[in-house]
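Summary of structural features
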Amino acid sequence: MSDDKIESILEETRRFPPNADYAKGSYVKSIDEYKAIYEESIADPPAFWANLATNLEWFSPWDTVFEWDRDEARFSWFKGGKLNACYNCLDRHVNSPRRNKAAIIWQGEREDAMKVYTYQQLLSEVERFANVLKSKGVGKGDRVSIYLPMIPELAISLLACARIGAIHSVVFAGFSSEALYNRIEDCDSKILITSDGTYRAGKTIDLKGKADEALEKSKSVTSVIMVNNTGSEVSMTAGRDFWWHEEVENADLTCPCEEMDAEDTLFILYTSGSTGKPKGVVHTTGGYLLFTMETFKNVFDYKEEDVFWCTADLGWITGHSYILYGPLAAGATSVMFEGVPTYPKPDRYWHIVEKFRVNTFYTAPTAIRSMMRLGDEWPNGRDLSSLKVLGSVGEPINPEAWMWYYNVIGHGNCAILDTWWQTETGGHMITPLPGATTLKPGSATFPYFGIEPKIIKNENEECAANEGGFLCIDKPWPGLGRTLWGDHERYKTTYWNNIKGKYFSGDGARRDEEGYIWLLGRVDDVISVAGHRIGAAEVESALVSHTDVTEAAVVPVPHDIKGEAIYAFVTLREGLEGDDDLRKALVKHVRHEVGPIATPGAIQFTDMMPKTRSGKIMRRILRKIASGDTPESLGDTSTLADPEVIDLLIANRVKQ
Ligand code: PRX
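From a predicted model like this one, the values you see are computed outputs, not experimental measurements. (Residues numbered from 1 in each chain as written. Predicted model: local features only at pLDDT ≥ 70, side-chain atom pairs only at ≥ 80, totals over all residues. Heavy atoms only, no water.)

Let's shift gears to the domain arrangement of the chain. Domain boundaries in the chain define domain 1 (110–261) and domain 2 (543–651). A C-alpha centroid distance of 39 Å is found between domain 1 and domain 2. (Domains from an automatic or database assignment.)

Rendered as structure tokens:
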């Protein structure tokens, strides 16, 4: 690892203090209150978390709050304590006045497809399906792969697994059969839950065919449970494939909860690594549930009657933590949406906000930028006055998109929560709190309670104010993934061996003189121009702050003199064409915003970026395209949302 610091050159001077009236009713009402709780939380994290853990229902108490073997990168929270995640998400609310409260409001892609599940109804569905799983031989510790679109059965499947102690592994329904096969094989799943198909922007897409392809090679799966979703023609393998609706019809209505140890695995979720093989991040029952419930309540400042909507897919960690486990453990009402933001019209999200009077809306910068591109008339045509809090996750949110979100969606009344976290961290790590934090557009601001970020350079030295370095976290917290399924060595080397005793996030960051944390992108996305290490995210943010630009991705290309030069891919606002004049204007703009050192050597205009299905730009591929590599050398592109974009990008490559 290089021990150079990362240079950070962007400056942002705007400030947005919390709305005073709003702050009065929030859980954490001022920055002083935040600081007091924070200090207490890091003075003695086990005492802090043990106190909060009483907000969960335990069948029996834990033996030890926290244990940590640093050398082996093994730790535990609440070991010996017995609980059940499904019980905490459903049964305990059913035994309370929340029994008939909406737990999940499901909106299908078709406007007329809508279902509301009260806590009681959801519990009944989960119990029946848990009995179906048992009837197929699934027991405690068995793995269940789930390959479903955003339909209610997806949420029901996860909770049913949790109820009987089976370990779920959700594979995003947009993934290919090969990706599904790899994820089934890696954890040796016994069962696959899937559906005939899925809807996407008005089209029906086959899922069962892809599942069958994956299963041709798989030896572990003995039963497939199929949801009849689109009604498409599918082939059924006798003795292996069963229809969900037929199975639940014959299932018993009640199913007791398995008593799980706090450290028992709740689920595996695969995340891509820098090398090809996906990493199966292992999350636990007690620590994960506590962390997602607490962050959900405090970060979104959730109140009993609020409607919360996270637009992520349940196939990603954001969906696991903030559609399902965090909200339901907290007894919230969570919206689940099957469709895409722009279908049937570009105001679909805003229509849903209006329809359910959504109070908290949580989405990704890529969605914000694409909606910004479509014009203000779409959100302006809907009543968004119910919104109180707006969240962002997944990438740095550039100040331009931040301001649009704040003004056009929030009408200047809503806090913008730029939440930094990862699949591995389980829940929010660095984030504002709506009643307490004065916001700076583009900064994720301060650590959540109990989280101690350190920004490191030169092996293990803390950076000074405004010096960029590696973002690490001191000591494990309850929500941190415990291992990688079947490969603890890889867990150790990826997260714990880089900086001794600290969790290594792989992201670059800096802390300004007021302690605000600014994310600088993945450290592999740092570009070294004439010895200056520049975070790609900052140059991208500068490009996007130009009025003609909606999206930018910046990668290094080899350069004889400077070592590396900057190559920029730029998407323009709808209807604009890129030309040399605009190139010159953009170069001038970046020189002005960031400095001459960040001058792009080449700018390629493109209508589309190669993105993962979760909306992250695949810079690995852009790096190769920019460097003139052949299409064959691009590696696995099967996880791209839109693989055709590659040929276009190669054809339009520009010379430096
Ligand atoms: O690089 C950071 C970026 O997304 C990575 C984690 O991706 P994933 O495991 O897929 O989880 C996404 C949902 C939690 C991080 O290492 N990232 C996430 N949130 C932010 C971010 N970068 C900057 N600002 C954020 N708010």
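Picking up after the structure, the text goes on.
To continue, consider the side chain of K440. With respect to the helices and strands, the residue K440 is situated in the loop between β20 (415–418) and β21 (452–457). Only 2.5 Å separates the side chain of K440 from the side chain of E514, close enough to count as a polar contact. Ignoring anything within four residues of it in the chain, the contact list for K440 reads R14, R15, D512, E514, Y516 and W518. (Helix = DSSP H or I, 4+ residues; strand = E, 2+ residues; numbered from the N terminus. Polar contact = N/O pair within 3.5 Å; in protein donor to acceptor, adjacent residues only side chain to side chain. Contact = heavy atoms within 4.5 Å.)

The grouping of E574, E577, D579, D581 and D607 at the surface amounts to a negative patch. Mapped onto the elements, D607 comes out in the loop between β31 (600–605) and α19 (619–626). A relative accessible area of 64% places D607 in the exposed class. (Patch = residues over 30% accessible without salt bridge, like charges linked within 9 Å, V, L, I, M, F, W, Y side chains within 5 Å. Areas by Shrake-Rupley, 256 points an atom, 1.4 Å probe, with all protein chains shown as cover. Salt bridge = Lys/Arg side-chain N within 4 Å of Asp/Glu carboxyl O. Lys, Arg positive; Asp, Glu negative; His and termini not counted. Charge placed at Lys NZ, Arg CZ, Asp CG, Glu CD. Buried < 20%, exposed > 50% of the residue type's maximum accessible area, 1.4 Å probe, protein only.)

Here we take up the site of the ligand. The local shell around the ligand holds 16 residues, among which D418, T419, Q422, T423 and D507 are the closest. Here the ligand, which alone exposes 550 Å², has 89% of that area covered by the protein. Among the elements of the structure, α11 (317–329) and β26 (517–522) are those that each provide at least two residues to the shell around the ligand. Considered class by class, the residues forming the shell around the ligand number six nonpolar, five polar and five charged. (Near = heavy atom within 4 Å. Nonpolar A, V, L, I, M, F, W, Y, C, P; charged D, E, K, R; others polar.)

Further remarks concern the pattern of salt bridges. Side chains bearing opposite charge may pair, as long as their charged atoms lie close to each other. Following the criterion strictly, the structure yields 39 salt bridges and no others. The salt bridge involving D212 is made with K208; its shortest N-O contact spans 3.0 Å. One end of the pair, D212, and the other, K208, are both in helix α8 (residues 208–217), four residues apart, so they sit about a helical turn from each other. Across the pair, K208 and D212 agree in class, each one buried. Residue R369 is joined to E551 by a salt bridge in which the shortest nitrogen-to-oxygen separation is 2.9 Å. Highlighted residues: R369 in helix α13 (residues 365–374) and E551 in strand β29 (residues 549–559), separated in sequence by 182 residues. Both residues of the pair, R369 and E551, belong to the buried class. Residues participating in the shared-partner salt-bridge network are R15, K440, D512 and E514.

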